[in-house]
Amino acid sequence: MLAQSLEETWSEFLSLMKERCSRVEYANWIAPIKVDLQEDTPTLLVPNVFVREYLLDNYRDELCMFFGTRKKGEPDLQFAVQKQNQEKRQAPVKPRPKVEKVPFEQEMKLNENYTFDHFIEGPSNQFIKSACLGVASKPGKSYNPLFIHGGVGLGKTHLLHAIGHVLRKDHKKLRFQCITTEGFINDLVFHLRNKSVDKMKRYFRNLDVLLVDDIQFLQNRLNFEEEFCNTFETLINQNKQIVITSDKPPGQLKLSERMIARMEWGLVAHIGMPDVETRVAILQHKAEQKGFKLSNHIAFYIAEHIFNNVRQLEGAVNRLGAHCRLMHLEATEEVVDHTLGEMFQSTPQGRVSVDRILTSVSSMFNVSESDLRGAKRSKDIATARQIAMYLAKELIGESLTKIASAFGGKKHSTLLHAWKKVSKEIESNERLRRQIQMTRQNIEA
Ligand code: ADP
Ligand code: MG
């Protein structure tokens, strides 16, 4: 084909897109595409891989119709992601824009205690801690975006601030902002009221690193979501680092598909409740920070009774420390019962056991308990067994080795594998997620 006719084809394709897409869609996805029609096979220069995926997901047939089809049903086109420096070479170099001074409602405050040194690691958070360390040492070059999800009080904000501390110390030239999603929304409202939204946009879009806490608060806030998504894309397109925390994985957030797809692009990592040994280490570390020592025995005693939330462990240390200091007492089991009794969750014996999980899973998924403990590998049994393992890891705050052995002597790596598999599956399988939710309610009832 001649270059001339390719140009015509391309402009016809654009006309069709204008008809098919909304104005916003066209401006976001189609307009930024540049084309190189010099070769036989046209090359679409896209600003990032999302655009390529978007085109192929939504307009594959149209692309094939206009540009012909290759063997595997792919359009006869090439895609090239236009790198930052490629653009720079073409455009005259502009001076780096100055950072706007924006009157933020909440100035960025990093909690002094939320550093990597004060973050105790164990099997439930090791992986995510090292991902955060990676991001902090090489922002924009390892996992981008990094998405951290997990329940309340498990250390998400701690890790986010820890990244902030490293940036502040080791990357002084980088412009970064650590915000809560609510803070972002409040700022946006403030700037909308003051007709200074452009200023805010400029500020955010010129950052090198954006750390966003609790993205779940963006749910059901459509207009804010769109603004946030635009900021997100602008930054990611320039290889600027983004880290996001949330109480749920991206797929379970009530956000637009576009937003979810962006957040799933990099690394999505879960942070779970630390096992009992890690809880002991956390208690002892927190006690040391407060200037008193907690014996192993007492730390274990507390860790066995508080197993849902690290924040509560911290509260327990504070309360016990204050009580012992004021009353000049040693921390004994008796003193602990007296001061922390009401914080204790039901005793370990009364808590969820593997037996109880197997009973519930067995009735929900119609598989016998002995099969769940056994080694049969038929699909139904294997899936139900993995679900039981998933629930056991979620609901029992014991070490993985101990839980796994209660499944007829399985290894802890088997349990971890099952947990990962089910966690991934329920991100997209709504039916399974509901079944597991019901089983869980049954177990916890
Ligand atoms: P989240 O944001 O997940 O709700 P936070 O980051 O606010 O939880 O953590 C709650 C408290 O627990 C904080 O004081 C934090 O320092 C502490 N914490 C959580 N995980 C750890 C950990 N692994 N090591 C030390 N402290 C932790
Ligand atoms: Mg938090």
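Here the structure is a predicted model, which is why all the values come from computation and not from measurement.

### Notes on the overall build of the protein
- If you tally the helices and strands in the protein, you get 20 helices and 8 strands.
- Viewed in the frame of its principal axes, the protein has a C-alpha envelope of about 85 × 60 × 35 Å.
- The buried share of the protein, taken over its 445 residues, is 31%.
- Looking at the protein alone, contacts between residues at least 24 apart form 71% of all its contacts between residues at least 6 apart.

### Comments concerning the sheet that holds strand β7 (residues 241–246)
- Sheet architecture is open: 5 strands sit in the order β5-β6-β7-β4-β8, paired in parallel fashion. Both edges of this open sheet fall to β5 (176–180) and β8 (267–270), since each of them pairs with a single strand only. The sheet shows a mean angle of 10 degrees between the axes of neighbouring strands, direction not considered.
- Where β5 meets strand β6 (residues 209–213), 5 bridges bridge the pair, whose relative direction is parallel. Residue C178 lies in a different strand from β6, and its bridge partner there is L211.

### Let's talk about the nonpolar core
- Counting residues in hydrophobic clusters, the biggest one holds 62 residues, and the most contacted among them are I163, L283 and I302.
- Two domains each put at least three residues into this core: domain 2 (126–270) and domain 3 (276–349).
- When residues no more than four places from it in sequence are discounted, the contact partners of I163 are C132, V135, A136, L211 and V243.
- Core analysis: the next-biggest nonpolar cluster, separate from the first, contains 26 residues, L358, A392, L395 and F407 among them.

### What about the confidence of the model for the protein?
- Of the residues in the protein, 90% have a pLDDT of 70 or more, and the chain-wide mean is 86.
- Confidence over residues 87–91 falls short of pLDDT 50; this stretch has 2 contacts with residues more than four positions distant or in other chains.

### Concerning the site of ligand 1
- Ligand 1 sits among 16 residues. The nearest are G155, K156, T157, H158 and V310.
- Secondary structure elements with two or more residues in the shell around ligand 1: α6 (156–170) and α13 (310–327).
- A breakdown of the residues in the shell around ligand 1 according to their chemical character gives 7 nonpolar, 6 polar and 3 charged.
- When residues of the shell around ligand 1 are assigned to domains, at least three fall in each of domain 2 (126–270) and domain 3 (276–349).

### Digging into the sheet that holds strand β2 (residues 43–46)
- Spatially, β1-β2-β3 is the arrangement adopted by the 3 strands of the open sheet, whose pairing is mixed. Two strands in the sheet have a free side with no partner beyond their single neighbour: β1 (34–36) and β3 (78–81). Within the sheet, the average angular offset between the axes of one strand and its neighbour, ignoring direction, is 30 degrees.
- Of the pairings in the sheet, the one linking β1 to β2 comprises 3 bridges and is antiparallel in character. In the strand pairing of β2, D36 is matched with T43.

### Description of unusual backbone geometry
- A cis amide bond links N144 with the next residue in sequence, P145, at an omega value of -5 degrees.
- With respect to the secondary-structure elements, P145 resides in the loop between α5 (126–137) and β4 (146–149).
- Of note in the backbone geometry, D214 takes a positive phi value of approximately 60 degrees without being a glycine.
- Examined against the element boundaries, D214 turns out to sit in the loop between β6 and α9 (222–237).
- A count of 18 C-beta atoms within 10 Å places D214 in the partly exposed class.
- The phi dihedral of N366 is positive, around 60 degrees, even though this residue is not glycine.
- Tracing the backbone through its elements, the reader meets N366 in the loop between α15 (354–365) and α16 (369–373).

### Some points on the packing of α5 against α6
- The geometry of α5 relative to α6 is characterised by a closest axis approach of 9 Å and an angle of 30 degrees between their N-to-C directions. As far as their axial angle goes, α6 and α5 are roughly parallel. You can see that α5 and α6 cross each other, and the crossing is right-handed. In this structure, α5 contributes I128, K129, C132, V135, A136 and S137 to the contact, and α6 contributes L159, A162, I163, V166 and L167.
- Of the residues contributing to the contact of α5 with α6, the split by class is 9 nonpolar, 1 polar and 1 charged.

### Some details on helix α17 (residues 379–395)
- Here α17 spans 24 Å end to end across 17 residues, near enough to the 24 Å set by a 1.5 Å rise per residue.
- Considered for burial, the residues of α17 that qualify are A384, R385, Q386, I387, A388, M389, Y390, L391, A392, K393 and L395.

### What about the pairing of β6?
- Burial runs high along β6: 5 of the 5 residues are buried.
- Of the two faces of β6, the one carrying V209, L211 and D213 and the one carrying L210 and V212 are both buried.
- Once the chain exits β6 it traverses α9 before rejoining the sheet at β7, and the crossover so formed is right-handed.

### Details of the environment of E398
- As for its placement among the helices and strands, E398 is situated in the loop between α17 and α18 (400–405).
- A residue is classified by how many C-beta atoms lie within 10 Å of it, and E398, with 21 of them, is buried.
- For the pair E398 and E304, spaced 94 residues apart in sequence, the C-alpha to C-alpha distance is 8.7 Å.

Rules used in this analysis
Residues numbered from 1 in each chain as written. Chains lettered and ligands numbered in written order. Predicted model: local features only at pLDDT ≥ 70, side-chain atom pairs only at ≥ 80, totals over all residues. Helix = DSSP H or I, 4+ residues; strand = E, 2+ residues; numbered from the N terminus. Buried ≥ 20, exposed ≤ 12 C-beta atoms within 10 Å, placed from the backbone. Contact = placed C-beta atoms within 7 Å. Pairing = 2+ DSSP bridges. Axes fitted to C-alpha atoms, helices over the stretch in contact; angles between N-to-C directions. Core = buried A, V, L, I, M, F, W, Y, C linked by C-beta atoms within 7 Å. Domains from an automatic or database assignment. pLDDT = per-residue confidence, 0-100. Near = placed C-beta within 6 Å. Nonpolar A, V, L, I, M, F, W, Y, C, P; charged D, E, K, R; others polar. Parallel < 35°, antiparallel > 145°, perpendicular 65-115°, else oblique. Left-handed = near helix turned anticlockwise from the far one by under 90°. Expected span 1.5 Å × (residues − 1). Right-handed = clockwise from strand over helix to strand, strands pointing away.

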